[in-house]
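# Understanding the architecture of this molecule
One letter stands for each residue in the lines below.
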Amino acid sequence: MNIVEIRNIVIDYKLKKYSLRAVDNVDFDIAAGKITALVGESGSGKTTIASSLLNCISSPGQIVSGSVTFKDGEREIRVESLDENSLNAFRWEKISMVFQGAQSALNPVVTIFNQFYETMLVHENYKPKDSRVKITKEAAEKRVRYLLDFVNLDADRVMAAYPHELSGGMKQRVMIAFSLLLDPSLIILDEPTTALDVITQDFIFRLLRKINRETGVAMLLLTHDISVVAKYADYVGVMYGGRLMEYGAVEDVFRDKLHPYTRGLINSTPAINKDVSLLKPIGGEPPNLLDMPSGCKFHPRCPYCREECKTIEPETFSKENGHKIKCFLYSDGEDKCRI
Ligand SMILES: Nc1ncnc2c1ncn2[C@@H]1O[C@H](COP(=O)(O)OP(=O)(O)OP(=O)(O)O)[C@@H](O)[C@H]1O
Ligand SMILES: [Mg+2]
């Protein structure tokens, strides 16, 4: 079952002199209760797509075409056409997002407990009148304590603390607890462990998976680290130059390594490719969105590039198991990389 369906989404940043297409015709699903990862180099469009799920693309970005549908039981919500009021309720209550560098989003002059409490009070106003019950401070404390315990923080200490009294890893866990506050069905985590040491990173990812498995909340994880995807995600989408190059169940994508770009990412990652002497970095540079190559956007770096790849952009080919690949090599379902 899907919780979100993204269909043919195109997103532009309309600047004064030119327009930059950050996401081009991307189509994928987010499964309820599972961890879906979007992986790709810096600038490939991960944050832009994820922001479209909350209709909060940073200015001057806008959805040019396509749709984002959130499935709330029987009800379908078209996110791109929600008005400002409905959006305020939708954010946090249905989908919450821990933004890139979110630790700095905490208010430095308010204690952690009060930051949670204020959010609870604000969101009460969006509830239908008949279900509105004034939340007491005691009830709020109970909820916050539960959430902080859940992310392995010492609730007594952290509730009374100001953000500067916490380490980066603690603040990140506070943000994860925050994202769970209003019981959303999906949490988006944008590079949740940037700037944290490797041990804390691993701790946070294991924690996220525990939360996912125990509460059933779906997660969309944005990362440039494909080894994190291999370890923690159920589904993966591989982004390149605003395109979704490959999408599928993690086990299928890593077993088959169909798209040459995905294969390049995997072969250049030490944590997956254990023999360091066999590591093969992807040659060339990431694409410049203002001067995109013709044809397949990966063709200048692709070891399997053929004539047609230079002029025609491939469509996305789907296999029966839902595995999708945007590459001519699979146009007839055969894996020509291995021939
Ligand atoms: N507010 C903005 N105005 C103009 N261009 C933007 C804006 N935000 C993003 N872009 C451009 O859109 C493209 C996609 O950016 P995005 O932040 O979605 O990539 P990303 O995959 O999340 O990268 P990173 O891994 O660095 O976070 C980039 O070329 C970026 O420069
Ligand atoms: Mg980003």
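All figures in this text were calculated on a predicted structure; none of them were measured in a lab. (Residues numbered from 1 in each chain as written. Chains lettered and ligands numbered in written order. Predicted model: local features only at pLDDT ≥ 70, side-chain atom pairs only at ≥ 80, totals over all residues.)

Tallying secondary structure elements over the chain gives 11 helices and 12 strands in all. The C-alpha radius of gyration computed for the chain amounts to 21 Å, which stays within 12% of the reference 20 Å derived for 339 residues, consistent with globular compactness. Considered along the principal axes of its C-alpha atoms, the chain spans approximately 65 × 45 × 40 Å. Counting the 339 residues in the chain, one finds 37% classified as buried. Partitioning the contacts of the chain with sequence separation of at least 6, the portion at a separation of at least 24 is 63%. (Helix = DSSP H or I, 4+ residues; strand = E, 2+ residues; numbered from the N terminus. Rg over C-alpha atoms; globule rule 2.2 N^0.38 Å. Buried ≥ 20, exposed ≤ 12 C-beta atoms within 10 Å, placed from the backbone. Contact = placed C-beta atoms within 7 Å.)

In the region of ligand 1, 16 residues are neighbours, and Ala-22, Ser-42, Lys-46, Thr-47 and Thr-48 sit closest. Where the shell around ligand 1 is concerned, the elements lending two or more residues are strand E2 (19–31) and helix H1 (46–52). Take the shell around ligand 1: its biggest share by element is 3 residues, from H1. Here the shell around ligand 1 is composed, by residue class, of 4 nonpolar, 11 polar and 1 charged. (Near = placed C-beta within 6 Å. Nonpolar A, V, L, I, M, F, W, Y, C, P; charged D, E, K, R; others polar.)

A separate point is the nonpolar core. By size, the foremost hydrophobic cluster in this structure holds 83 residues, and its most contacted members are Leu-186, Ile-188 and Met-219. Both domain 1 (1–94 + 185–272) and domain 2 (104–183) contribute no fewer than three residues apiece to this core. (Core = buried A, V, L, I, M, F, W, Y, C linked by C-beta atoms within 7 Å. Domains from an automatic or database assignment.)

The strand order across the open sheet built from 4 strands is E2-E1-E4-E5, with neighbouring strands paired in antiparallel fashion. Since the sheet does not close on itself, it has two edges, and those belong to E2 and strand E5 (75–78), each with one partner. Across this sheet, the average inter-strand angle for adjacent strands is 10°, counted without regard to direction. Here strand E4 (residues 61–72) pairs with E5 via 4 bridges, running antiparallel. The residue of E5 that forms the bridge with Phe-70 is Ile-77. (Pairing = 2+ DSSP bridges. Axes fitted to C-alpha atoms, helices over the stretch in contact; angles between N-to-C directions.)

Note the cis peptide between Ser-59 and Pro-60, where omega equals 5°. You can see Pro-60 is positioned in the loop between H1 and E4. The residue Trp-92 is not glycine, and still its phi comes out positive at about 75°. With respect to the secondary-structure elements, Trp-92 resides in helix H2 (residues 84–93).

Pairing is mixed across the open sheet formed by 8 strands, whose spatial order is E6-E7-E8-E3-E9-E10-E12-E11. For this open sheet the edge positions go to strand E6 (95–98) and strand E11 (317–318), each flanked by a neighbour on one side alone. Relative to strand E10 (residues 243–249), strand E9 (residues 235–240) is paired through 6 bridges, and the arrangement is antiparallel. Its bridge partner being in E10, Gly-237 is matched across the sheet by Tyr-247.

The next thing to look at is the pairing of strand E3 (residues 35–39). Burial analysis of E3 places 5 of its 5 residues in the buried class, which makes it a mostly covered element. Here E3 shows no split at all, with Ile-35, Ala-37 and Val-39 on one side and Thr-36 and Leu-38 on the other all buried. Judged from the 5 bridges that link them, E3 and strand E8 (residues 218–223) form a sheet pairing that is parallel. Residue pairing for E8: Ile-35 is matched across the bridge by Met-219. Examined bridge by bridge, E3 and E9 share 4 bridges and lie parallel to one another. Across the sheet, the residue bridging to Thr-36 is Tyr-235, located in E9.

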